[in-house]
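Chains, contacts and geometry: an overview
Residues per chain are reported as follows:
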Amino acid sequence: MLDLLSVTPELFIVLLLAAFCAGCIDSVVGGGGMIQLPALLMAPGFSPVAALSTNKVASAMGTLTSASTYIRSLKIPWKILLPVAFVAFCASAAGAYCATILPAHIFRPAIVVVLAAILVFSVLQPRIPRGQPRALTTSSFLVCGFALGLILGGYDGILGAGTGAMMLVALQIAMGYDMLHATAAAKVLNTATNLGALLYFIPLGAIHWLLGIAMGCANMAGSWVGARTAIHLGERFIRRVLVIVMTLMLLRMSAQILGWV
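Residues numbered from 1 in each chain as written. Predicted model: local features only at pLDDT ≥ 70, side-chain atom pairs only at ≥ 80, totals over all residues. Heavy atoms only, no water.

What follows covers empty space enclosed by the protein. Going through the model one piece at a time under the given rule, you end up with three cavities of 30 Å³ or more. Lining the largest cavity we find 19 residues, and of these Asp26, Gly33, Ser59, Gly160 and Asn190 sit closest to its centre. Breaking the lining of the largest cavity down by element, the ones donating at least two residues are helix H1 (9–28), helix H3 (48–73), helix H7 (163–175) and helix H8 (179–204). Counting residues per element, the lining of the largest cavity draws most heavily on H3, which supplies four residues. Lining of the second largest cavity is provided by Ala88, Leu148, Gly149, Leu152, Gly153, Met167, Leu171, Leu189 and Thr193. Contributions of two or more residues to the lining of the second largest cavity are made by helix H6 (139–158), H7 and H8. The leading source of residues in the lining of the second largest cavity is H6, at four residues. (1 Å grid on protein atoms, 1.4 Å probe; cavity = no way out; pocket = protein on both sides within 12 Å on 5 of 7 lines; lining within 4 Å. Points joined across faces, edges and corners; volume = space filled by probe spheres on them. Helix = DSSP H or I, 4+ residues; strand = E, 2+ residues; numbered from the N terminus.)

Before going further, it helps to examine the nonpolar core. Ranked by size, the top nonpolar core spans 39 residues in total, and within it Val29, Tyr70, Leu171, Met175, Tyr177, Leu189 and Ile238 carry the most contacts. Sorting the residues of this core by element identifies H1, H3, helix H4 (78–99), H6, H7, H8, helix H9 (209–233) and helix H10 (235–257) as the ones contributing at least two each. Of the residues forming this core, the biggest block, nine residues, is contributed by H8. Listed in part, the 27 residues of the second largest apolar core include Val7, Leu52, Phe201 and Ala206. (Core = buried A, V, L, I, M, F, W, Y, C linked by side-chain atoms within 4.5 Å. Buried < 20%, exposed > 50% of the residue type's maximum accessible area, 1.4 Å probe, protein only.)

This part covers the environment of Leu171. Following the sequence through the fold, Leu171 ends up in helix H7. Under the relative-accessibility criterion, Leu171 is labelled buried at 3%. Beyond its immediate stretch of four places on either side in the chain, Leu171 contacts Leu148, Gly176, Tyr177, Ala182, Ala185, Ala186 and Leu189. (Contact = heavy atoms within 4.5 Å.)

Once that is clear, we can look at the UniProt feature "transmembrane region" (unreviewed entry) in the protein chain. When the UniProt feature table is mapped to this numbering, "transmembrane region" (unreviewed entry) covers residues 12–35, 80–100, 106–124, 136–152, 198–225 and 237–255. Secondary structure within residues 198–225 divides into 86% helix and 0% strand; the distance between the first and last C-alpha atoms comes to 25 Å. (UniProt positions renumbered as here; feature names shortened; annotations may be inferred.)

When we look at a pair of aromatic rings, we describe it by the centre distance and by the angle of the planes. Per the counting criterion, the structure on display carries two aromatic pairs. The interplanar angle of 85° and the centroid separation of 5.9 Å between the aromatic rings of Tyr97 and Tyr200 together place this pair among those described as edge-to-face. Here Tyr97, found in helix H4, pairs with Tyr200, found in helix H8; they are 103 residues apart in sequence, far enough to count as distant. Note on Tyr200 and Phe201: the rings are 6.2 Å apart at their centroids and 65° apart in plane angle, and the pair reads as edge-to-face. Judged by its relative accessible area of 23%, Tyr200 falls in the partly exposed class. For Phe201, a relative accessible area of 1% puts it in the buried group. The rings of Tyr97, Tyr200 and Phe201 are connected pair by pair, giving a single aromatic cluster. (Phe/Tyr/Trp six-rings, centres within 6.5 Å; stacked < 30°, edge-to-face > 60°.)

Next up on the list: the packing of H4 against H8. It is the contact of H4 with H8, at a shortest axis distance of 7 Å, that shows an interaxial angle of 35°. Of the two elements, H4 crosses H8, and the hand of that crossing is right-handed. Of H8, the residues touching H4 (which contributes Trp78, Leu81, Val84, Ala85, Ala88, Phe89, Ser92, Ala93, Ala96 and Tyr97) are Ala185, Val188, Leu189, Ala192, Thr193, Leu195, Gly196, Ala197, Leu199, Tyr200 and Phe201. A per-class count over the contact of H4 with H8 returns 18 nonpolar, three polar and no charged. (Axes fitted to C-alpha atoms, helices over the stretch in contact; angles between N-to-C directions. Left-handed = near helix turned anticlockwise from the far one by under 90°. Nonpolar A, V, L, I, M, F, W, Y, C, P; charged D, E, K, R; others polar.)

Okay, here's the thing in C-alpha cells:
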C-alpha cells in the first residue's frame, strides 16, 4: 500500500499542482479529473482503482468548495436539483462497482473518446438553440433530469474524467440553463456523484488517504479561485476555457496512447 512517505518530494509537488489546477478548471467548466487522474496514474504503485478512488477524495473536497461558492452567489433550482442529485449519487456508487471489474487497459482510450465528444458539443453548442428552463413541476423536466443523473452519475463512478464538463453541456442543451447557472448546477451534481463513488470505494481500502486529503486541500484552493473568477467574468470566459481545456486534454491523452509522450 502506497503512503504519503513513499511519494518523492518532486512527485508530491507535481500532484499538488495538478490538484490545484484541476480545482480551478473543474470549478469553471469541469474536466479537472483529466488533469488530476492522469497525474495520479503516473505515481508508482498506483493501480487504476487506487488512482480513481484517491482522485475522488480530492475531487469531492474541491467540488464541495466550488458548489458552496456558487450557492452563495446564485439562485439554485433546488426542487429539481436535489432529486436529480440523489439519482446521480446512487448511479455513481453503482458505476464505481463497475470500475473495479473493468480491464485496466480500457481507461485511457475511453477518456479520449469522451473528450472528443465533449469538445464537439462545446464547439457546436453556441449554434444549438436553447430555450428558457422549463417549469420545475413538469414531468418532462423531471424525467430529463433523472436520465441525466442516471447516465452521468454512472459514468462518473466508472471513469469520472470529464464528468463536470459533460454535465455543464448537458444541462444547457437538455435543460435550457444558461452557462453560468449550468456550471453551478453541475457542481452540485458532481459533488453528489463524487460522494456516491466514495461510498463504494471506501470499504475497498484502495484509497491513499493522506495523499488524497493533501491533494483535496490543493483542489479546494483551486476550486475557490476558479469559481470566483467564473462568477465575475461570466459566460464568455467559461465557454473559452471549456474549449481550450478540452482541446489540450484530448491532444495530451491521444499522444500518450500513441506513445509519443
